[in-house]
Amino acid sequence: MTNILCIGAGYVGGPTMAVIAKHCPEHRIVVVDINEAKIAAWQSDHLPIYEPGLEEVVRGARGRNLFFSTEINRHIVEADVIFVSVNTPTKTFGQGAGKAADLQYWEKTARQILEHSTTPKIVVEKSTLPVRTAQALERILNSNDNGLHFDVVSNPEFLAEGTAIRDLENPDRVLVGARETPSGQRALQAMVDIYAHWVPRERIITTNLWSSELSKLAANAFLAQRVSSINAISALCEKTEADIAEVAQAIGTDSRIGPRFLRASVGFGGSCFKKDILNLVYLCEHYSLYEVAAYWEQVVKMNEYQQARFVSRMVSAMFNTVAGKRIALFGAAFKANTSDTRESPALAVCRTLLEERANVVITDPHALDNARADLGAAAEKVTFEPDPYVAARGAHAIAVLTEWPYLAELDYAAILESMVKPAFIFDGRNILDHQKLYAMGFNVYAIGKPPLTNFPS
Ligand code: NAD
Ligand code: UGA
């Protein structure tokens, strides 16, 4: 039996450990966090995050070989392998503010591991970290004077929210990076042995530490770059009567390009894409690779442009003013099937509409509590309404901001009936039947498509 500890019970730590516990019944897994309310939620019937399939996996292993606790120090003592999946947000102060990763939670955790360890351990970088962080960690951990040896292993996580369980159960690959020393290679093998319980060996990629750390940042940068690329083309479509769905299909059928991640949208959100690209940009600047930094920074700039462009289009379509107008935002989550609203384009759109003095009402099936919390003081000016029909009643416009499938199934004839005319729909996810809505009487604005308006020209 191996005693596995995971420090950080968030979107990564919780689901990842639940799936390891499911497939490795002989190992004992404890997930700890400083946030008592979060740990209490993991121990209850109301898990702290919404993720399809998660409840079932947690219920199957919890109390058997999966435990949640706030007693971090005690569990450090017992652990053989410690995954660290604490948050690594963008630094908001000092050197690198606005770009570099804030590593204070990581360093605090490393020092806590050092202070409470009485046996050698494998420390696993599960959080996304700047390349060469492992070197700093090794220096901290191995600074002890009682002869204890720590192996630092990089094992970045590639799950996407909303499909976390599916991604963990059937990953495209698992990546493990370690030192090329005998003890580094033993640590690497220990990690491979854990994942080999359910992941085919050929999908477990092993590399050196730095390749593993950098591959995580590079993967997110490439994914976000695809979204920004298709969104850049969507802007051109709107000027030229080309249709972004047709263009995406035409280019995505080229097997070298591939069809995935080509959905034009109001922009990408989530806690990681922006933070990880800015981290990459900071690293490039640190190594004086200014052209490389500028190249990647443009992916984030394009995303900000896309969100701003979406609201500008709304305002100009609605006769250049939305002040005092009720506008229903359909969706608050940064993508479907999650309750997460971190960096959600819906909240960016909401904030800009509030600046324009619109009366904003937001509807979402799972993310209203997080939306309220993330909006902070601005939340006071927003109405949060779980029922989309109620949200749309009396509204001048609807903006679809999350691709929840149920939003495409609503009775839009009834919704139109209840709205102020002329009624507008801005589909920021291109999930609605635009021709049908137009025929009903809506004025329809989709991403990367010419508007369908019922006004006489
Ligand atoms: P999260 O904010 O949901 O969870 C992090 C948890 O760590 C929090 O519950 C926090 O209370 C806890 N924590 C912070 N400091 C601690 C300490 N000293 N001791 C104990 N607990 C502490 O974050 P997340 O979304 O799970 O992301 C974690 C890391 O994984 C980040 O580096 C992120 O970039 C990376 N990642 C996230 C995703 C994702 O889909 N969210 C996917 C892949 C990688
Ligand atoms: C992303 C990556 O996909 C994961 O591999 C990675 O582990 C994770 O970041 C991370 O490091 O945190 P996630 O942000 O959860 O996962 O979700 P994605 O499916 O990547 O979507 C990100 C954003 O891009 C969402 O707002 C989504 O709506 C948007 N998107 C995605 C588009 O607008 N168009 C697309 O075609 C795809």
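This text follows the structure it describes.
Residues numbered from 1 in each chain as written. Chains lettered and ligands numbered in written order. Predicted model: local features only at pLDDT ≥ 70, side-chain atom pairs only at ≥ 80, totals over all residues. Heavy atoms only, no water.

(A) Structural detail: the sheet that holds strand β14 (residues 443–446). As summarised here, the arrangement of the six strands in space is β11-β10-β9-β12-β13-β14, forming an open sheet in which the pairing is parallel. Two strands close off the open sheet at either side, each with one partner strand: β11 (383–384) and β14. Two strands pair when backbone bridges link them, and strand β9 (residues 326–330) and strand β12 (residues 397–400) are joined in this way by four bridges, in the parallel orientation. Bridge pairing in β12 places Ala328 opposite Ile398. (Pairing = 2+ DSSP bridges. Helix = DSSP H or I, 4+ residues; strand = E, 2+ residues; numbered from the N terminus.)

(B) Highlighting unusual backbone geometry. Along the chain, Lys421 connects to Pro422 via a cis peptide bond; the corresponding omega equals -5°. Turning to its location among the elements, Pro422 is positioned in the loop between α16 (412–418) and β13 (424–427). Phi angles above zero are rare outside glycine, and Asn320 is one such case at about 65°. Within the secondary structure, Asn320 is located in the loop between α12 (290–317) and β9. A positive phi angle is found at Asn337, which is not glycine, with a value near 65°. Its location among the elements puts Asn337 in the loop between β9 and α13 (345–355).

(C) Representation of the site of ligand 1. Near ligand 1 there are 25 residues, and of these Asp33, Lys38, Thr88, Glu161 and Lys275 occur at the shortest range. Within the contact set of ligand 1, an oxygen atom lies 2.6 Å away from a side-chain nitrogen or oxygen of Asp33. Contact with the protein chains removes 92% of the 830 Å² of surface that ligand 1 exposes when unbound. Looking at the shell around ligand 1 residue by residue, the class counts come to nine nonpolar, nine polar and seven charged. (Near = heavy atom within 4 Å. Polar contact = N/O pair within 3.5 Å; in protein donor to acceptor, adjacent residues only side chain to side chain. Areas by Shrake-Rupley, 256 points an atom, 1.4 Å probe, with all protein chains shown as cover. Nonpolar A, V, L, I, M, F, W, Y, C, P; charged D, E, K, R; others polar.)

(D) Examining the site of ligand 2 more closely. Surveying the vicinity of ligand 2 reveals 21 residues, the closest of which are Phe158, Leu159, Ser265, Phe334 and Arg429. Phe158 places a main-chain nitrogen or oxygen 2.7 Å from an oxygen atom of ligand 2. Here an oxygen atom of ligand 2 and a side-chain polar atom of Lys335 are 2.7 Å apart. Against a free-state accessible area of 700 Å², the protein chains account for coverage of 93% of ligand 2. The biggest single contributor to the shell around ligand 2 is helix α9 (residues 209–240), with four residues. Looking at the shell around ligand 2 residue by residue, the class counts come to eleven nonpolar, three polar and seven charged.

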